[in-house]
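Summary of the model geometry
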Amino acid sequence: MSAALVTVEHDGAVAVVTMNRPEAMNALSSALRAELARVMLELDGDDSVRAVVLTGAGTRAFTAGLDLKELGVQGLGAANAETPAANPVKAIEQCRKPVVGAINGVAITGGFEVALACDVLIGSENARFADTHARVGIMPGWGLSQKLSRMIGISRAKELSFTGNFLDAETACRWGLMNRVVPAAELVATAKALAAEMAGIDPAMIQSYKALIDEGYGASFGEGMAIEHRTSSARNAQVKGGEVEERRKAVMERGRTQAG
């Protein structure tokens with residue numbers, strides 16, 4: 001029996017999703033993309049799961065992007081696919097819960113776009129990013145051309161996209177693409193620990209907050225402020241003072257623990 005293309009491991013309220021084609025650098029075949037979409041939708045609807053870690057099998061690759069051998073037969077339609085079953089970015093976006101990307105190796109072109117679909121990125125020293133769209137003559141269709149410049153600055157984004165050069169883990173962290181770099185042996189554990197902290201927030205609250213940030217990110221600053229005002233006014237009108245006081249005490253207690 002062949003191994004599952006996408007595996008799921010549950011650890012408390014955290015689900016670890018692994019793209020599992022290490023022999024092909026976790027290339028995004030049509031079958032893997034369809035399975036990723038199914039898994040992410042299933043996790044979105046699972047109330048026992050409050051946060052997700054997404055990674056790749058092995059240490060060589062998070063994912064090398066679209067399966068080029070398959071593209072040679074099927075054509076380039078997947079590069080502009082809009083359905084979650086064909087577009088892995090849309091597949092990840094189906095999950096309203098926090099998604100922590102654990103970047104265990106290279107994230108190349110379409111794989112870079114998949115990484116950018118995660119809410120937070122933690123990388124091992126093996127993590128490297130490259131945008132080779134221009135070198136292979138394909139325009140990005142999963143969001144990289146717009147997201148990357150907003151994350152690291154337009155000049156840095158152009159440098160990466162116009163050269164196709166690799167960006168190493170430490171530089172990616174320094175540029176703000178990743179939150180931190182950890183030893184490979186500690187990567188998944190570190191990502192799970194961060195996800196577990198996110199899982200400690202009320203699910204409805206964190207899903208609403210994620211939606212607010214993402215919606216504002218896709219708008220102008222002025223539009224984003226208006227979106228925040230509308231969302232905040234509607235949400236806060238429903239909050240009772242006693243609830244805030246109880247949560248404030250819990251926050252203070254957690255802060256004392258962290259300070260120690």
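Right above here is the structure, for reference.
This structure is a prediction, so every number in the text was calculated from the model and none was measured.

Digging into the pairing of strand β5 (residues 99–103)
A large share of β5 lies buried, amounting to five of its five residues. Taken together, the four bridges between β5 and strand β7 (residues 120–124) define a ladder with parallel strand orientation. Considered in β7, the bridge of Val100 is made with Val120.

As for the side chain of Thr171
Considering the arrangement of structural elements, one finds Thr171 in helix α8 (residues 169–174). Using a relative accessible area of 12% as the deciding quantity, one classes Thr171 as buried. A polar contact is formed between the side chain of Thr171 and the side chain of Asp168, at a distance of 2.8 Å.

Structural notes on the pattern of salt bridges
Scanning the entire structure with this criterion turns up eight salt bridges. With its nearest N and O atoms 3.5 Å apart, the salt bridge here joins Glu9 to Lys192. Placement of the pair is Glu9 in strand β1 (residues 6–11) and Lys192 in helix α9 (residues 187–199), with a sequence separation of 183 residues. Ionic pairing is found between Glu42 and Arg38, a salt bridge with its closest N-O pair at 3.1 Å. Of the two residues, Glu42 and Arg38 are both situated in helix α1 (residues 30–44); the distance of four residues between them amounts to about one turn of the helix. Each of Glu9, Asp11 and Lys192 takes part in a single network of salt bridges with overlapping partners.

Cut-offs and rules
- Residues numbered from 1 in each chain as written.
- Predicted model: local features only at pLDDT ≥ 70, side-chain atom pairs only at ≥ 80, totals over all residues.
- Heavy atoms only, no water.
- Buried < 20%, exposed > 50% of the residue type's maximum accessible area, 1.4 Å probe, protein only.
- Helix = DSSP H or I, 4+ residues; strand = E, 2+ residues; numbered from the N terminus.
- Pairing = 2+ DSSP bridges.
- Polar contact = N/O pair within 3.5 Å; in protein donor to acceptor, adjacent residues only side chain to side chain.
- Salt bridge = Lys/Arg side-chain N within 4 Å of Asp/Glu carboxyl O.

Remember that the coordinates give geometry; whether it matters functionally is a separate question.
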